[in-house]
Amino acid sequence: MTTELYFIYDSHCPWSYAATPLVNALQQAYPEMNVHLLHSAHYIGKDSAGEEQMQAAAKISGLKFGRDHIRYANSPKSSIKVANLMAWLQTKHADKQLPVLNALQRAHFIEGNPLTNKHDFNAIVEKFKLSASNKIFKDELSMDAEYVLEGIEEIQQVIGTAGFPAIVITVDDNAIFVDHSQYLSNPQAVVEAVEKEMDAIKQAKH
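First things first, this report covers the structure right here in the doc. (Residues numbered from 1 in each chain as written. Predicted model: local features only at pLDDT ≥ 70, side-chain atom pairs only at ≥ 80, totals over all residues. Heavy atoms only, no water.)

## Details of the packing of helix α4 (residues 80–92) against helix α7 (residues 143–159)
Axis separation between α4 and α7 bottoms out at 8 Å; the angle between their running directions is 85 degrees. Here α4 is positioned roughly perpendicular relative to α7, judged by the angle of their axes. The residues of α7 that touch α4, namely those facing A83, N84, A87, W88, Q90 and T91, are D144, A145 and V148. The residue inventory of the contact of α4 with α7, partitioned by class, reads 5 nonpolar, 3 polar and 1 charged. (Axes fitted to C-alpha atoms, helices over the stretch in contact; angles between N-to-C directions. Helix = DSSP H or I, 4+ residues; strand = E, 2+ residues; numbered from the N terminus. Parallel < 35°, antiparallel > 145°, perpendicular 65-115°, else oblique. Contact = heavy atoms within 4.5 Å. Nonpolar A, V, L, I, M, F, W, Y, C, P; charged D, E, K, R; others polar.)

Dropping the structure here:
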């Protein structure tokens, strides 16, 4: 059976930050599963999720948000450069996508790094030895990032929702839509739930 995981998220969305531990847990439980991280590039410098949503995500998930992030929670956010970087990673270093996303979210939500200028990325680029070109750090979406958005649209049509974050797992021709909101306080529980769904798919095949 071929299993693929699709995670639709925005790096600057607190709910996506809260959902990433579920993706981490699933990746650990199924190391052979192909993971596709699809950045929705929702925040383009005009708005933000805001303090209320951040507090709600923190309360449910138990994740920490740093003081500097909280202070600017209501300021407009732009996730365009992260979308470009993540799309580039998917084509060049797919194995680094998830560790880099975890590092970026930590930088943004805990350390208060806005991730809007090229130098905001220096530490992460060095840590993961990424040879990303300057055009990734421009203020418009790259071709790769646009291509990711097309992929997101296709998945959203299948699952019937344009909301994010969203986690979908495909097992051969079957799709499992993971209701992430049920597992934010206990990421390990998502592994058990997915296991049951996968078992049911296997049974149906026999």
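## Topic: the pairing of strand β3 (residues 166–171)
The element β3 is largely enclosed, with a buried count of 6 among its 6 residues. Side chains A166, V168 and T170 project from β3 onto one buried face, and the interleaved I167, I169 and V171 project onto a second face that is buried too. Where strand β1 (residues 3–9) meets β3, 6 bridges bridge the pair, whose relative direction is antiparallel. Across the sheet, residue F7 finds its bridge partner in β3, namely I167. Relative to strand β4 (residues 174–178), β3 runs antiparallel, the two being bridged by 5 bridges. Each residue of the ladder has a partner; that of I169, found in β4, is I176. The turn linking β3 back onto β4 is made up of 2 residues, and D172 within it adopts a positive phi angle of 50 degrees. (Buried < 20%, exposed > 50% of the residue type's maximum accessible area, 1.4 Å probe, protein only. Pairing = 2+ DSSP bridges.)

Geometric values such as these leave the question of function open.
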